[in-house]
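Topology and contacts: notes
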Amino acid sequence: MPEDHDKDVYPQPPRQTPVVDKQTTLPNPALILSKLFYYSVDVPVTKFRGIIEGIQGDKKSHYYHQKFRRVPELTECQEGDYLCYYEAEMQWRRDYKVDQEIVKVIQERLRACQQREGPSYRQNCNTELKQFDQVSKAFQLRYGDLGAYASGRKCLMKQKERMMAETQKA
């Protein structure tokens, strides 16, 4: 700081850290409660868990994604079986999400190859290009033009219309 500064505006910082002036000799109640919780709840629970894990040995449970059994499709449901309709709809939604992720993974592979190869990616990434083309066409064929409120029933109707159009062409 320059010597000609205004001492009222910019006071000098203290030369030493001030000593904490204790007002009371009683211990801090928050510290007492935290120690009480630690020794009465946390330590016994941790010990108990350690004992249980020691007993289990290598039978550790692994947490993976949830696996669903395949349910009948909408065409296999009997008329008026609303539970079957619901299960088929949920199965269709899971399949839709899986297919979206497959397209994303293939697209990421293609982008990585394009980034790696630069301008000559059409020659060097030919397999990725073909794979992406195939996957995106299949996705568009199955889920394209369903709109924002896509459902298993709409997808089934689209498939039926496509099959009818193919039989009329033949």
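Definitions and cut-offs
- Residues numbered from 1 in each chain as written.
- Predicted model: local features only at pLDDT ≥ 70, side-chain atom pairs only at ≥ 80, totals over all residues.
- Heavy atoms only, no water.
- Core = buried A, V, L, I, M, F, W, Y, C linked by side-chain atoms within 4.5 Å.
- Buried < 20%, exposed > 50% of the residue type's maximum accessible area, 1.4 Å probe, protein only.
- Contact = heavy atoms within 4.5 Å.
- Disulfide = S-S within 2.5 Å.
- Helix = DSSP H or I, 4+ residues; strand = E, 2+ residues; numbered from the N terminus.
- pLDDT = per-residue confidence, 0-100.
- Patch = residues over 30% accessible without salt bridge, like charges linked within 9 Å, V, L, I, M, F, W, Y side chains within 5 Å.
- Areas by Shrake-Rupley, 256 points an atom, 1.4 Å probe, with all protein chains shown as cover.
- Salt bridge = Lys/Arg side-chain N within 4 Å of Asp/Glu carboxyl O.
- 1 Å grid on protein atoms, 1.4 Å probe; cavity = no way out; pocket = protein on both sides within 12 Å on 5 of 7 lines; lining within 4 Å.
- Points joined across faces, edges and corners; volume = space filled by probe spheres on them.
- Nonpolar A, V, L, I, M, F, W, Y, C, P; charged D, E, K, R; others polar.
- Expected span 1.5 Å × (residues − 1).

1. So, the nonpolar core
The biggest cluster of nonpolar side chains holds five residues, and these are Trp92, Tyr143, Leu146, Ala150 and Cys155. Leave out the neighbours within four places in its chain, and Cys155 touches Trp92, Arg142, Tyr143 and Leu146.

2. So, the state of the cysteines
Throughout the structure, instances matching the rule amount to two disulfides. With its sulfur 2.0 Å from that of its partner, Cys77 forms a disulfide with Cys84. Across the S-S bond of Cys77 and Cys84 the torsion is about -75°, and the bridge reads as left-handed. Side by side, Cys77 and Cys84 carry an identical accessibility label, which is buried. Covalently, Cys113 is tied to Cys125 through a disulfide, its sulfur atoms 1.7 Å apart. Disulfide Cys113-Cys125: the torsion about the S-S bond is -90°, which places it as left-handed. Placement of Cys113 in helix H2 (residues 82-117) and of Cys125 in the loop between helix H3 (121-124) and helix H4 (126-143) is noted, with a sequence separation of twelve residues between them. Along the protein, the cysteines engaged in disulfide bonds are linked according to the scheme 1-2, 3-4 when indexed in sequence order.

3. Focus: the confidence of the model for the protein
Taken over all residues, the pLDDT of the protein has a mean of 86, while the share at 70 or more is 86%. The secondary structure element of the protein with the lowest average pLDDT is H3, at 89, and the one with the highest is H4, at 94.

4. Considerations on a nonpolar patch on the surface
Together, Phe48, Ile51, Ile52 and Ile55 make up an exposed nonpolar region whose accessible area comes to about 430 Å². One can find Phe48 in helix H1 (residues 29-56).

5. Focus: the layout of surface pockets
In this structure, the largest pocket spans a volume of roughly 260 Å³. In terms of lining, the largest pocket is formed by 16 residues, of which the most central are Glu73, Leu74, Trp92, Arg142 and Gly152. In terms of residue count, the dominant contributor to the lining of the largest pocket is H2 (five residues). Broken down by class, the residue content of the lining of the largest pocket amounts to seven nonpolar, four polar and five charged.

6. Side note on H4
Helix length check: H4 (18 residues) gives 25 Å between terminal C-alpha atoms against 26 Å at 1.5 Å per residue, within 8%. Just beyond H4, the residue with positive phi is Asp145, at close to 60°.

7. Description of the pattern of salt bridges
One pass over the full model with this rule turns up eight salt bridges. Asp99 is paired through a salt bridge with Arg142; the nearest N and O atoms lie 3.6 Å apart. Taken together, the positions of Asp99 in helix H2 and Arg142 in helix H4 put the pair 43 residues apart, joining distant regions of the chain. A residue is classified by how much of its surface remains accessible, and Arg142, at 37% relative accessible area, is partly exposed.

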